[in-house]
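Here are the chains, one letter per residue:
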Amino acid sequence: MPFRRSSLNHRHRDGHVLVWNQRNLHESLEQQSQRCFATRYFVTFMLFLGMANAYVMRTNMSVAIVAMVNHTAIKSGEAEEYDDECGDRDIPIDDSQDGEFVWSSALQGYILSSFFYGYVITQIPFGILAKKYGSMRFLGYGMLINSVFAFLVPVAARGGGVWGLCAVRFIQGLGEGPIVPCTHAMLAKWIPPNERSRMGAAVYAGAQFGTIISMPLSGLLAEYGFDGGWPSIFYVFGIVGTVWSIAFLIFVHEDPSSHPTIDEREKKYINDSLWGSDVVKSPPIPFKAIIKSLPFYAILFAHMGHNYGYETLMTELPTYMKQVLRFSLKSNGLLSSLPYLAMWLFSMFISVVADWMISSKRFSHTATRKLINSIGQYGPGIALIAASYTGCDRALTLAILTIGVGLNGGIYSGFKINHLDLTPRFAGFLMSITNCSANLAGLLAPIAAGHLISDPSKPMMGQWQIVFFIAAFVYIICGTFYNIFGSGERQFWDNPEEDEQKPALQTTITTSPPRLSNGSTAPAAISSS
């Protein structure tokens, strides 16, 4: 029967309620969808674990390479350079931790970056393929390849040397290529707009969680593990990644419409929130409009700046801990993970703040993204500059880096989730472009750092100061570009007019809307059954 006319919140036309005036229906459905264990939360949790596995595979080499290299045998002049400017002779250099490979700092930079070459070239192809064929299987099978090839890292390093190791890491990068664009595409299909900051931050916080797990555990395995220590890092994490990949392929589905056991109320809530209809349309990718979009370039440059700074820290911090701060291998892994623990905790906190800013109507999407992103990019930039002047104070240096990287967690409620604001339909494709470009910038970080710190004629601390300064200015400049040109509004080229306006309950739509006095057609109306 039609809704009663006594409600002042609903406009009526011939006993029908206009679709956009059924606010109480949407809120009721949202409440119902959250009473039971929501399927979208399980999908979010699995994507979180997938992101954690991806970053474990990415970061474990940073710690492992410290144990793999024979530091006292490296001939750069006569020996590998350690910082002698502090005069901390009471902090010993433990030569017993030397590994079996004689690789210079520059060569180590190429080894660390080899993963990213494979990772980068698969971004855009997987973004396009995911848009056409779906994301779930590309993500699951890609991570399975990544995990299986982890078992081959020790064999390749010992049997194939530098280039054999680079080849295996390159293939691992190829397998990990789908993780970000496909995750973004799945978030766009599973997460309603009012949950994006929290759920998006929860998923991408897996990067920090993986780093937190990887670095200290890798340090322990390198020192106490089997087969010489460092190989056990890749065997253990290879097993974990394989188990997750199989579980993901079995239990996770592409979208709510294809999920066989999802609650119907939740499915309607998600689809109606995203598209206004249970029918999800898929128009072609508007390449020309995207190329001309300044908000897209704002995300692109913010992503590139973040990746350069973040990869500088992620790949080089363990080396800095050993060369300058002289932490042992075991404590190196644990202390190197502290900044990422801070980043994980802060990203979860600030995501709740960001969603409150939007839902309270006090801030627009655009203002929220820019404010939170400023914290996420200016914070680590300033911290890197400050850390470069702390000299020999190990505690102060570590504290500043921990705070700076912690503030970096703001980017997950800033530019990182901004693709979903601009274009829910093409978020995965946009992420593939920005993530590809960002990782091209990111793979330069270990190479640049490797060359900057390899000159034995210059003070070691001075060389690391240059590394930190470059990363800091990249952070700040790219964050400023985002603040000038960024936007949190859905773009016209996402085709929002294609969304069908339809309420969550079963409805009958009038087929012949009346004409208004000015000759235009009145909005379609519905009746509830």
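What you are looking at is a predicted structure, and each value in this text was computed from that prediction instead of being measured.

Basis of the calculations
Residues numbered from 1 in each chain as written. Predicted model: local features only at pLDDT ≥ 70, side-chain atom pairs only at ≥ 80, totals over all residues. Heavy atoms only, no water. Helix = DSSP H or I, 4+ residues; strand = E, 2+ residues; numbered from the N terminus. Buried < 20%, exposed > 50% of the residue type's maximum accessible area, 1.4 Å probe, protein only. Areas by Shrake-Rupley, 256 points an atom, 1.4 Å probe, with all protein chains shown as cover. Salt bridge = Lys/Arg side-chain N within 4 Å of Asp/Glu carboxyl O. Core = buried A, V, L, I, M, F, W, Y, C linked by side-chain atoms within 4.5 Å. Domains from an automatic or database assignment. Contact = heavy atoms within 4.5 Å. Expected span 1.5 Å × (residues − 1). Bend = angle between axes of the 7 residues up to and from the residue. Patch = residues over 30% accessible without salt bridge, like charges linked within 9 Å, V, L, I, M, F, W, Y side chains within 5 Å. pLDDT = per-residue confidence, 0-100.

1. Focus: the overall build of the chain
Of the regular secondary structure elements, the chain holds 18 helices and four strands. Counting the 529 residues in the chain, one finds 58% classified as buried. Carbon and sulfur atoms make up 65% of the accessible area of the chain, which amounts to about 20,900 Å² in all.

2. Overview of the pattern of salt bridges
Under the defined criterion, the tally for this structure stands at nine salt bridges. Where E176 meets R58, a salt bridge forms, and the shortest distance between an N and an O atom there is 3.4 Å. Here R58 lies in helix α2 (residues 39–68) and E176 lies in helix α6 (residues 153–176), a separation of 118 residues in the sequence. Its salt-bridge partner being D421, residue R369 comes within 2.6 Å of it at the nearest N-O pair.

3. Focus: the nonpolar core
Grouped together as the largest cluster of nonpolar side chains are 91 residues, with contacts concentrated most on L47, L139, I179, M186, F248, Y340 and L384. A domain-level breakdown of this core finds at least three residues from each of domain 1 (36–75 + 98–274) and domain 2 (284–491). In this view, L47 contacts L139, T183, M186, L187, V203 and F248; residues no more than four positions away in its chain are not counted. In this structure, M61, I65, L221 and F237 belong to the second largest nonpolar core, which totals 27 residues.

4. Brief notes about helix α3 (residues 105–121)
Look at α3: 25 Å from first C-alpha to last across 17 residues, which is about the 24 Å you get at 1.5 Å a residue. The axis of α3 is deflected most strongly, by about 30°, at S113. With 13 of 17 residues buried, α3 is to be regarded as a mostly interior element.

5. Focus on unusual backbone geometry
Note on backbone geometry: most residues besides glycine have negative phi, and most peptide bonds are trans. For K361, which is not glycine, the phi torsion reads 70° and is therefore positive. Of note, K361 is situated in the loop between α13 (329–359) and α14 (365–387).

6. Some details on a nonpolar patch on the surface
A cluster of nonpolar side chains, contributed by I213, L217, L220 and Y224, occupies part of the molecular surface with about 350 Å² of accessible area. On the secondary structure map, I213 appears in helix α8 (residues 196–224). For I213, a relative accessible area of 35% gives the class partly exposed.

7. Concerning the confidence of the model for the chain
In this model, the chain carries a mean pLDDT of 77, and residues with pLDDT of at least 70 account for 76%. The least confident element of the chain is strand β2 (residues 16–18), whose mean pLDDT is 35; the most confident is helix α9 (residues 230–251), at 93. Predicted confidence for residues 89–96 stays below pLDDT 50, and this span has nine contacts to residues more than four positions away or in other chains.

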